[in-house]
Amino acid sequence: MKQFIDNFRKYVYLLGELVKKNIKLRYRRSYLGMLWTLIEPLLTMIVLSVVFGGLLGRNSHDEAFQGVPFPVYVLTGRLLYSFFSSATNSAMKSIRSNSSMIKKVYVPKYIYPFSGILANFIIFLISLVVLLGVMIFFLATGSYEAPINAYMITSLIPLVNLFVLSMGVGMILSTLCVFFRDIEYLWSVMLMLIMYCSAIFYYADHMSAGTQKLVKLNPLFGVIHNFRRSFFGQPFDMVLLLYTTVFAVVTLVVGLVVFYRKQDSFILHI
């Protein structure tokens, strides 16, 4: 562990440069640049609220979400899913996209997927400004009375779970993608399934009991659900919190082990 920490410190500067590079590349051909970090989730929230608000209903049977404006409900789910999708996609392609550097210079290979995930996490944290702004707007107009309490601070816990989960999945995908290029296409389909099973633009309590049990198997649903509960001033669903925490940690351990065992073979396939 000491050797790993010392080695990591040696490449902290490179990690920072890779993070900057990933952020710049994301907006390099955009006139508005980083402003899209704020504009895109806001526009998506409006579209989803208009389209699905009428179709699937704007009122929840869950006491934790009663009275919560539907746009705010949608935005909380959309932001977290967007980070998970972007982070895992970035990590998945990281080894192949940096193949020229890997062939020329020795750098711990985990730096590449980690930098991609970290860059997306920074963008995600910036985008949370939109969520706060929308919440303040509804509070100012008097259409929502949020219970301000200590539970709101605990919303950081689901965000940590989300980062750990994204890191674990990203490490697994970055390894598999080196050997099986079709993983990129399969993962895009999986992300679509994950999105529809995360209750982003609908209320899970509107579904049948059996369907709810299936949806709760999706760890991203648990992360989003507990983030919403805490952000809206409600206590966690402790069963879901335990499940998502264990799932995220186990996924990270598996991802690190798989990556470590296969990293020496990367050079033969990139």
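Up top is the structure these notes are about.
The text that follows walks through the structure, step by step, so that each part is easy to find.

Calculation criteria
Residues numbered from 1 in each chain as written. Predicted model: local features only at pLDDT ≥ 70, side-chain atom pairs only at ≥ 80, totals over all residues. Heavy atoms only, no water. Helix = DSSP H or I, 4+ residues; strand = E, 2+ residues; numbered from the N terminus. Rg over C-alpha atoms; globule rule 2.2 N^0.38 Å. Buried < 20%, exposed > 50% of the residue type's maximum accessible area, 1.4 Å probe, protein only. Areas by Shrake-Rupley, 256 points an atom, 1.4 Å probe, with all protein chains shown as cover. Core = buried A, V, L, I, M, F, W, Y, C linked by side-chain atoms within 4.5 Å. Contact = heavy atoms within 4.5 Å. Polar contact = N/O pair within 3.5 Å; in protein donor to acceptor, adjacent residues only side chain to side chain. Phe/Tyr/Trp six-rings, centres within 6.5 Å; stacked < 30°, edge-to-face > 60°. Lys NZ or Arg CZ within 6 Å of the ring centre and 35° of its normal. Patch = residues over 30% accessible without salt bridge, like charges linked within 9 Å, V, L, I, M, F, W, Y side chains within 5 Å. Salt bridge = Lys/Arg side-chain N within 4 Å of Asp/Glu carboxyl O. Expected span 1.5 Å × (residues − 1). Axes fitted to C-alpha atoms, helices over the stretch in contact; angles between N-to-C directions. Parallel < 35°, antiparallel > 145°, perpendicular 65-115°, else oblique. Left-handed = near helix turned anticlockwise from the far one by under 90°. Nonpolar A, V, L, I, M, F, W, Y, C, P; charged D, E, K, R; others polar.

Focus on the overall build of the protein
Here comes step 1: Along the backbone of the protein there are 11 helices and 0 strands.
Here comes step 2: For the protein, the α and β elements follow one another from N to C terminus as α-α-α-α-α-α-α-α-α-α-α.
Here comes step 3: For 270 residues, the compact-globule estimate of 2.2 N^0.38 gives 18 Å, and the C-alpha radius of gyration of the protein, at 20 Å, lies within 12% of that figure.
Here comes step 4: The dimensions of the protein, computed from C-alpha atoms along their principal axes, are 60 × 45 × 35 Å.
Here comes step 5: When each of the 270 residues of the protein is scored for burial, the buried share is 47%.
Here comes step 6: Counting only carbon and sulfur atoms, one obtains 68% of the accessible surface of the protein, whose full area is about 14,200 Å².

Examining the nonpolar core
Here comes step 1: If you look at the biggest cluster of nonpolar residues, it comprises 77 residues, and the most contacted ones within it are Leu80 and Phe84.
Here comes step 2: If you list the elements that add at least two residues to this core, you get α2 (12–26), α3 (36–56), α4 (70–97), α6 (111–140), α7 (156–179), α8 (183–196), α10 (219–231) and α11 (238–262).
Here comes step 3: The residues touching Phe84, leaving out its near neighbours within four places in the chain, are Leu162, Leu165, Ser166, Val169, Trp187, Leu191, Ile194 and Leu220.

Considerations on the side chain of Ser174
Here comes step 1: Structurally, Ser174 is set in helix α7.
Here comes step 2: Side-chain polar atoms of Ser174 contact the backbone oxygen of Met171, separated by 2.9 Å.
Here comes step 3: Beyond its immediate sequence surroundings of up to four residues, Ser174 is in contact with Ala91, Met92, Ser94, Ile95, Pro113 and Phe259.

Considering the packing of aromatic side chains
Here comes step 1: Tallying each qualifying case throughout the model produces 18 aromatic pairs.
Here comes step 2: For the ring pair Tyr11 and Tyr106, a centre distance of 6.5 Å and an interplane angle of 75° mean the geometry is edge-to-face. Placement of the pair is Tyr11 in the loop between α1 (2–10) and α2 and Tyr106 in the loop between α5 (99–104) and α6, with a sequence separation of 95 residues.
Here comes step 3: Ring geometry for Phe179 and Phe266: centres 6.0 Å apart, planes at 55°, overall tilted. One end of the pair, Phe179, is in helix α7; the other, Phe266, is in the segment after α11, and 87 residues separate them in sequence.
Here comes step 4: A residue is classified by how much of its surface remains accessible, and Phe266, at 0% relative accessible area, is buried.
Here comes step 5: The side chain of Arg228 reaches across the aromatic face of Tyr73, ending 3.6 Å from its centre.

Regarding unusual backbone geometry
Here comes step 1: Despite not being glycine, Ala199 has its phi angle at roughly 55°, a positive value.
Here comes step 2: Relative to the helices and strands, Ala199 resides in the loop between α8 and α9 (209–215).

Re a nonpolar patch on the surface
Here comes step 1: A surface patch of nonpolar side chains, about 600 Å² in accessible area, is lined by Trp36, Leu42, Leu43, Ile46, Val47, Val50 and Val51.
Here comes step 2: With respect to the element layout, Leu43 can be found in helix α3.
Here comes step 3: Given the relative accessible area of 44%, Leu43 is considered partly exposed.

Things to note about the side chain of Asn226
Here comes step 1: Considering the arrangement of structural elements, one finds Asn226 in helix α10.
Here comes step 2: By relative accessible area, which is 0% here, Asn226 ends up buried.
Here comes step 3: When neighbours within four sequence positions are excluded, Asn226 is seen to be in contact with Pro158, Phe236, Asp237, Leu240 and Leu241.

Topic: α10
Here comes step 1: The end-to-end C-alpha distance of α10 is 18 Å, a good match for the 18 Å that 13 residues give at a rise of 1.5 Å each.
Here comes step 2: Within α10, 13 of the 13 residues are buried, leaving the element largely enclosed by the surrounding structure.
Here comes step 3: Its side-chain oxygen placed 3.1 Å from the backbone nitrogen of Leu220, Asn218 serves as the N-cap of α10.
Here comes step 4: Positive backbone phi, at 80°, marks Gly233, one or two positions downstream of α10.

A look at the environment of Met192
Here comes step 1: Secondary-structure assignment places Met192 in helix α8.
Here comes step 2: Separated by 85 residues in sequence, Met192 and Val107 have C-alpha atoms that sit 34 Å apart.

Digging into the packing of α4 against α10
Here comes step 1: α10 packs onto α4 with a crossing angle of 140° between their chain directions and a minimal axis gap of 10 Å. As the angle between them shows, α4 and α10 are arranged oblique. Taken as a pair, α4 and α10 cross one another with a handedness that is right-handed. Contact residues: α4 offers Tyr73, Val74, Thr76, Gly77, Leu80, Tyr81 and Phe84, while α10 offers Leu220, Val223, Ile224, Phe227, Arg228 and Phe231.
Here comes step 2: When the residues that make up the contact of α4 with α10 are grouped by side-chain class, the tally is 10 nonpolar, 2 polar and 1 charged.

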